[in-house]
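# Structural overview for review
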Amino acid sequence: MSTVLILGATSDMAVAIARKMAAKGNNIQLAARNAGRLQALQSDISIRYGVNCAIYEFDATDFATHSSFYLSLSPKPDIVICVFGYMSDTLAASKNWEESLKIINSNYTGAVSVLNIVAEDFAERNSGTIVGISSVAGERGRQSNYIYGSAKAGFTAYLSGLRNRLYKHKVHVVSVLPGFVNTKMTAELKLPPLLTADTEQVAAAVEKAIGKKQNVVYVKWFWKWIMMIIKSIPENIFKKKNL
Amino acid sequence: MAQKNIANWGNYPVVESNERSFSFDEQLEQLVEESIHFIPRGNGRCYGDASLGEETISTLKYDKVLSFDTVNGILECQSGLTLDKILEIIVPKGWFLPVTPGTKFITVGGAVGSDVHGKNHHVDGSFSNHIIEMQLILADSSTIVCSPEKNADLFEATCGGMGLTGLITKVKFRLKKIETSYIKQKQIKAESLDDIIRLFEEYKHSTYSVAWIDCLKKGQHFGRSILILGEHAKLEDLPEKLKSDPLKLPAKKSIPFPINLPSWVLNSLTVKLFNFLYYGKNFKKEINNVVSYEPFFYPLDAILNWNRGYGKKGFVQYQFVLPLEAKQGLVEILQRISNKGLGSFLAVLKVFGRQDSIISFPKEGYTLALDFPVRKGLFEFLDELDQVVLQYGGRLYMSKDARMKPEVLRAGYPKLSEFRKIVNKYNPTNKIRSVQSDRLELTT
Ligand SMILES: Cc1cc2nc3c(=O)[nH]c(=O)nc-3n(C[C@H](O)[C@H](O)[C@H](O)COP(=O)(O)OP(=O)(O)OC[C@H]3O[C@@H](n4cnc5c(N)ncnc54)[C@H](O)[C@@H]3O)c2cc1C
């Protein structure tokens, strides 16, 4: 039985992942900025799956607290799943530095800050799994989503570098690039059903990737091909498109 | 704003709605404050327009188990949790739902909003009978607790009140102790309507009972049916091979129904065929066996989205209750349906025991439920049936309704004005309203 730490545990995706991992018999540590919001999920998980479930306060953008946060975890986790992220209107954010910074910090800087600490610990223990939920939006910048996309691009690159570095320490790193997912974050968007995963599918993909030591997973397989095509469009054409 | 077209189980009517959801109490509070009006929505398993409106608040993400007392069998949960999930939690610990409808894909909020009944109403009453306490958020976004003792008026009007008093957030209710997850089932063939009524009478102490009626059969075999009875199996009732794991959960298997079928598929011929097959399976007069709870309670859940079998235009379910002595009314209604040949995939007959709530559907008598694909002339025909139901002192189930006239509701529910008064107290500006409540003139 392992202990799984979920960072950013209040999102729909995190709820599904936490339940999936608990259903497999793992103990769960839930961490989020507003820990009060985690209480219902805590009882839900411990009652449903009969595992231990603890809650912790954690603010991804309050970097200075990350060390003490990690120190306070008991026991130390065997698997860390970094789910937090934040998306908002790109055009508005591009005219508002605070908002841009929030997107960058919530999707990239915060993750680097906390995962650096986790990585040190795992490397020292020569074991562990780190999962980062990044995004296909990071594969190529588009006018509709490029601030979020660039932060996720940074996160994806970070994860692949981390995977490379920790390989010799027997620590595995999974990058998850879900396409569209039905969540609170996307509730306002009209998403094409065929391309859209639900949070349970993401959770199942995460669980499988951990078990099978997969490196990069797209939740719905055709996203891999879609992104390959999108990435192969020459910039000269791409820049004229309304994407 | 996320406008989308939504419909409930009957796929009729389809309504454009701004549907929003929440995971946390503060989010819900904010949603209620921001809404011009709204109706709570669970899993959309009511058949008609009860949980439809221009603005709906979905509880589906508000689905956490809050406490489970495994010694005394008391569960507390958020209202969006569905019964299928609850069964997975409680059955392995030796507990069962006190009351369950014919599908497990409904939310606890929906179970209260419709005050659902099962095959054990004559013994255990409806769902509200087992509630210890619940919490609601009212139209003014304040939070309030109610129970049969505390704010009793609100409690009574919320059970079966179709969401109009407020949005139920948390429910604490009692479970039923079981020794095994299996049901001792008895199926008995009945040759006629008289026969089946006599059998219901004979087996009135059976915990669970329901009959499937071939309502298209004419002549001598009019009303031929199968009575299905059940008791929770005790350990000693199980065959040896099941005894090692008596509280085992049934394996999950379900087949999705592929597409919307054109509605001619359900013409009276296929209905006849279906009924014949179902009936033919029971070649003996009586069959006794032990089955898992799943096929016993939820035979239809095995085919996900079977409602698509009624085609794009959708269907309505017609469910009414008649007093015990009004057997003649049952005959008359079944005869009219049979003569009309409008077809019903299902005809389900159950008994209700005593219940005297202000707005809940059950009251002592026989309840019959039938499906009708929507087509020209149907609603006129159902209006005629309504008159027969009323004439015999019966009423219709709002949770299945998409078309009854407000007069029919008023005539069937003698305590309706009391209900309206309570709704008025807690929802004074009709902020909480549905397509149904407007149609039935409850919120206009
Ligand atoms: C195959 C099938 C079999 C069925 N068998 C039976 C049966 O045997 N007995 C029976 O009684 N019913 C039966 N039903 C009907 C079903 O149980 C009810 O309609 C139930 O209310 C559906 O719950 P839901 O979660 O889908 O809610 P919805 O259908 O979304 O809503 C139903 C009503 O409850 C209200 N509501 C939902 N959540 C809340 C909340 N949190 N707070 C306040 N109000 C709320 C809604 O406003 C609406 O008025 C059956 C339905 C199907 C599809």
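The name that an unreviewed UniProt entry assigns to chain B is FAD/FMN-containing dehydrogenase, with the source organism given as Parafilimonas terrae.

An unreviewed UniProt entry lists chain A under the name Short-chain dehydrogenase, with Parafilimonas terrae as the source organism.

Helices and strands together make up the secondary structure of chain B, namely 14 helices and 21 strands. The globule rule puts the C-alpha radius of gyration for 444 residues at 22 Å, and the 21 Å found for chain B is close to it. Over its C-alpha atoms, taken along the principal directions, chain B stretches across nearly 60 × 55 × 40 Å. Taken across its 444 residues, chain B has 60% of its residues classed as buried. Of the contacts formed within chain B by residues at least 6 apart in sequence, a portion of 73% connects residues at least 24 apart.

This part is about the state of the cysteines. For the coordinates displayed, the defined rule picks out zero disulfides over all chains. Just so you know, Cys-53 of chain A is unpaired, no disulfide at all, and the nearest cysteine sulfur is the one on Cys-77 of chain B, 18 Å from it.

With that out of the way, let us pick up the nonpolar core. Judged by nonpolar contacts, the single largest core of 123 residues is most densely connected at Ile-86, Ile-90, Met-134, Phe-173, Phe-320 and Phe-372 of chain B. When residues of this core are assigned to their parent elements, the largest contribution, six residues, is made by helix H11 (residues 378–391) of chain B. In terms of nonpolar packing, the next biggest core, distinct from the first, is built from 36 residues, Leu-30, Val-131, Val-206 and Ile-210 of chain A among them.

Listed as interface residues are 17 residues of chain A and, on the opposing side, 18 residues of chain B. Taken together, both faces of the contact between chain A and chain B bury some 1400 Å²; the carbon and sulfur share is 52%. Linking chain A with chain B are three salt bridges. Between Lys-61 of chain B and Asp-12 of chain A there is a salt bridge, and its shortest N-O distance comes to 2.9 Å.

What follows covers the sheet that holds strand E4 (residues 79–82) of chain A. All names here are of chain A. Read across the sheet, seven strands follow the order E3-E2-E1-E4-E5-E6-E9 without closing on themselves; strand pairing throughout is parallel. The open sheet is flanked by strand E3 (53–57) and strand E9 (216–217), the only strands paired with a single partner. Looking at chain direction, strand E2 (residues 27–32) and E3 are connected through five bridges and run parallel. Within E3, the residue paired with Ala-32 across the bridge is Glu-57. Contacts between helix H6 (residues 146–166) and the sheet are confined to E4, strand E5 (129–133), strand E6 (172–176) and E9, with E6 contributing the most and set at about 160° to the helix.

All names here are of chain B. Its domain assignment divides chain B into domain 1 (65–178) and domain 2 (182–408). Taken over C-alpha atoms, the centre of domain 1 sits 24 Å from the centre of domain 2. Taken residue by residue, the interface counts 35 residues in domain 1 and 33 residues in domain 2. Both sides of the domain 1 and domain 2 interface together cover about 2900 Å² of buried area, and 59% of this is carbon and sulfur. For domain 1, the biggest contributors to the area lost against domain 2 are His-117, Lys-119 and His-122; these three give 26% of the whole. Between the two partners, domain 1 and domain 2, sit two salt bridges. Note that Lys-104 is salt-bridged to Glu-294, the shortest N-O span being 2.7 Å. Our count for the contact surface shared by domain 1 and domain 2 stands at 18 residue pairs in polar contact (both at pLDDT 80 or more). Counting only elements with at least two residues in the side of domain 1 that touches domain 2, the list comes to helix H2 (83–90), helix H4 (121–124) and helix H5 (152–158).

Moving on, we get to the UniProt feature "domain: FAD-binding PCMH-type" (unreviewed entry) in chain B. The residues that UniProt annotates with the feature "domain: FAD-binding PCMH-type" (unreviewed entry) are residues 7–178 of chain B. For the annotated span residues 7–178 of chain B, helix accounts for 20% and strand for 27% of the residues, and the straight-line distance between the end C-alpha atoms is 36 Å.

With that settled, the discussion passes to the pairing of E4 of chain A. All names here are of chain A. Here E4 shows no split at all, with Ile-79 and Ile-81 on one side and Val-80 and Cys-82 on the other all buried. Across four bridges, the pairing between strand E1 (residues 3–7) and E4 is parallel. For Leu-7, the partnering residue across the bridge sits in E4 and is Cys-82. Sheet analysis places E4 next to E5, joined by four bridges and oriented parallel. What sits directly across from Ile-79, in E5, is Thr-129.

Now for the packing of aromatic side chains. Any two aromatic rings considered together are summarised by their centre-to-centre distance and by the angle between their planes. Residue and element names in this part refer to chain B. Tallying each qualifying case throughout the model produces 19 aromatic pairs over all chains. Measuring from ring centre to ring centre gives 5.9 Å for Phe-200 and Tyr-366, while their planes differ by 65°; the resulting arrangement is edge-to-face. Taken together, the positions of Phe-200 in helix H6 (residues 193–202) and Tyr-366 in strand E20 (residues 365–373) put the pair 166 residues apart, joining distant regions of the chain. Since its relative accessible area comes to 4%, Tyr-366 is described here as buried.

To continue, consider the side chain of Thr-59 of chain B. Within the secondary structure, Thr-59 of chain B is located in the loop between strand E4 (55–58) and strand E5 (65–69). Setting aside residues no more than four positions away along its own chain, Thr-59 of chain B makes contact with Phe-22, Arg-41, Gly-42, Ser-79, Gly-80, Thr-107 and Leu-167 of chain B.

Moving on to unusual backbone geometry. Peptide bonds are mostly trans, and most non-glycine residues show a negative phi. Each neighbour pair has its own omega, and for Ser-74 of chain A with Pro-75 of chain A the value is 0°, a cis peptide bond. Structurally, Pro-75 of chain A is set in the loop between helix H3 (66–72) and E4. Along the chain, Tyr-12 of chain B connects to Pro-13 of chain B via a cis peptide bond; the corresponding omega equals -10°. Within the secondary structure layout, Pro-13 of chain B lies in the loop between strand E1 (3–6) and strand E2 (15–21). One non-glycine residue, Lys-170 of chain A, lies in positive phi territory at about 60°. Of note in this structure, Asp-115 of chain B is not a glycine but carries a positive phi near 40°. Within the element layout of this structure, Asp-115 of chain B appears in the loop between helix H3 (108–113) and H4. Since its relative accessible area comes to 1%, Asp-115 of chain B is described here as buried.

So, how was this worked out
- Residues numbered from 1 in each chain as written.
- Chains lettered and ligands numbered in written order.
- Predicted model: local features only at pLDDT ≥ 70, side-chain atom pairs only at ≥ 80, totals over all residues.
- Heavy atoms only, no water.
- Helix = DSSP H or I, 4+ residues; strand = E, 2+ residues; numbered from the N terminus.
- Rg over C-alpha atoms; globule rule 2.2 N^0.38 Å.
- Buried < 20%, exposed > 50% of the residue type's maximum accessible area, 1.4 Å probe, protein only.
- Contact = heavy atoms within 4.5 Å.
- Disulfide = S-S within 2.5 Å.
- Core = buried A, V, L, I, M, F, W, Y, C linked by side-chain atoms within 4.5 Å.
- Buried area = accessible area lost by both parts, 1.4 Å probe.
- Salt bridge = Lys/Arg side-chain N within 4 Å of Asp/Glu carboxyl O.
- Pairing = 2+ DSSP bridges.
- Axes fitted to C-alpha atoms, helices over the stretch in contact; angles between N-to-C directions.
- Domains from an automatic or database assignment.
- Polar contact = N/O pair within 3.5 Å; in protein donor to acceptor, adjacent residues only side chain to side chain.
- UniProt positions renumbered as here; feature names shortened; annotations may be inferred.
- Phe/Tyr/Trp six-rings, centres within 6.5 Å; stacked < 30°, edge-to-face > 60°.

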